Amino acid sequence: MLKYKTISKSADETRQIAAKLIRLLDVGDVVLLTGDLGAGKTTFVSGALNELGYKDHVVSPTFNILKCYFEVNPNIYHIDAYRLEDQNIDIGLEEYIEGNGICFIEWPKFIEPLIPMRHLEISLKRIGDNEREIVLIDQNDFYKDIIKSFEGK
Ligand SMILES: Nc1ncnc2c1ncn2[C@@H]1O[C@H](COP(=O)(O)OP(=O)(O)O)[C@@H](O)[C@H]1O
Ligand SMILES: [Mg+2]
């Protein structure tokens, strides 16, 4: 398992990290966003979307679970599983995870059976009003190059 840890001092800095990451990802990649409410998971996704040219405000899909951004290339699928809470609802999310776009998943623990081995986790932790500890976690060694490029190696 490889990790890259950094401290973000503002929402914009978090968006910049996401912007760098999205340029290193490919269609079919799955990014898990973990951390408490307000940690910055949705902010992170907005950074990725803005980098791809999406101009509107990005909101969490908490109430509709999935938002598809077909207007950007690659397509972005944003899942927030918070409201599913292990209910195991068969609503066809599989189609978007490892699908023909890049998938970001908030609260992945609630859809654990749907999470593929090949994924990158972004863990966000609030350490102050505007400070967040951000850790990129490559649990199963699929994203060595991405971790290295964040380390600057
Ligand atoms: N360093 C930071 N990184 C990310 N968000 C931050 C940071 N500092 C302050 N914030 C604020 O924290 C809030 C995070 O909210 P959000 O991204 O919706 O969190 P989550 O999706 O994890 O519940 C936003 O209001 C954002 O502006
Ligand atoms: Mg959110």
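Preceding block: the structure.
Cut-offs used in this document
Residues numbered from 1 in each chain as written. Chains lettered and ligands numbered in written order. Predicted model: local features only at pLDDT ≥ 70, side-chain atom pairs only at ≥ 80, totals over all residues. Buried ≥ 20, exposed ≤ 12 C-beta atoms within 10 Å, placed from the backbone. Helix = DSSP H or I, 4+ residues; strand = E, 2+ residues; numbered from the N terminus. Pairing = 2+ DSSP bridges. Near = placed C-beta within 6 Å. Nonpolar A, V, L, I, M, F, W, Y, C, P; charged D, E, K, R; others polar. Axes fitted to C-alpha atoms, helices over the stretch in contact; angles between N-to-C directions. Parallel < 35°, antiparallel > 145°, perpendicular 65-115°, else oblique. Left-handed = near helix turned anticlockwise from the far one by under 90°. Contact = placed C-beta atoms within 7 Å.

**Student:** Report on the pairing of strand E5 (residues 101-106), specifying residues and quantitative values.
**Tutor:** Along E5, 6 of the 6 residues are buried, which leaves the element largely enclosed by surrounding structure. In this structure, strand E2 (residues 30-34) lies alongside E5, joined through 4 bridges in parallel fashion. When the sheet's bridge partners are listed, Leu33 is paired in E5 with Glu106. Taken together, the 6 bridges between strand E4 (residues 75-80) and E5 define a ladder with parallel strand orientation. Paired with His78 across the two strands is Phe104, which belongs to E5.

**Student:** Outline the site of ligand 1, supporting the account with residue identities and numerical values.
**Tutor:** Around ligand 1, a shell composed of 18 residues is seen, among which Thr14, Gly40, Lys41, Thr42 and Thr43 lie nearest. Going through the elements one at a time, helix H1 (11-22) and helix H2 (41-51) are the ones with two or more residues in the shell around ligand 1. Here the residues of the shell around ligand 1 sort into 3 nonpolar, 10 polar and 5 charged.

**Student:** Tell me about the packing of H1 against H2, and please be specific about residues and values.
**Tutor:** Between H1 and H2, the least distance of the axes is 7 Å, while the angle of their chain directions is 55 degrees. The orientation of H1 relative to H2 falls into the category oblique. Of the two possible hands of crossing, H1 and H2 adopt the one that is right-handed. Across the interface between the two elements, Ala11, Thr14, Arg15, Gln16, Ile17, Ala18, Ala19, Leu21 and Ile22 from H1 touch Thr43, Phe44, Val45, Ser46, Gly47, Ala48, Asn50 and Glu51 from H2. Tallied by class, the residues present in the contact of H1 with H2 amount to 9 nonpolar, 6 polar and 2 charged.

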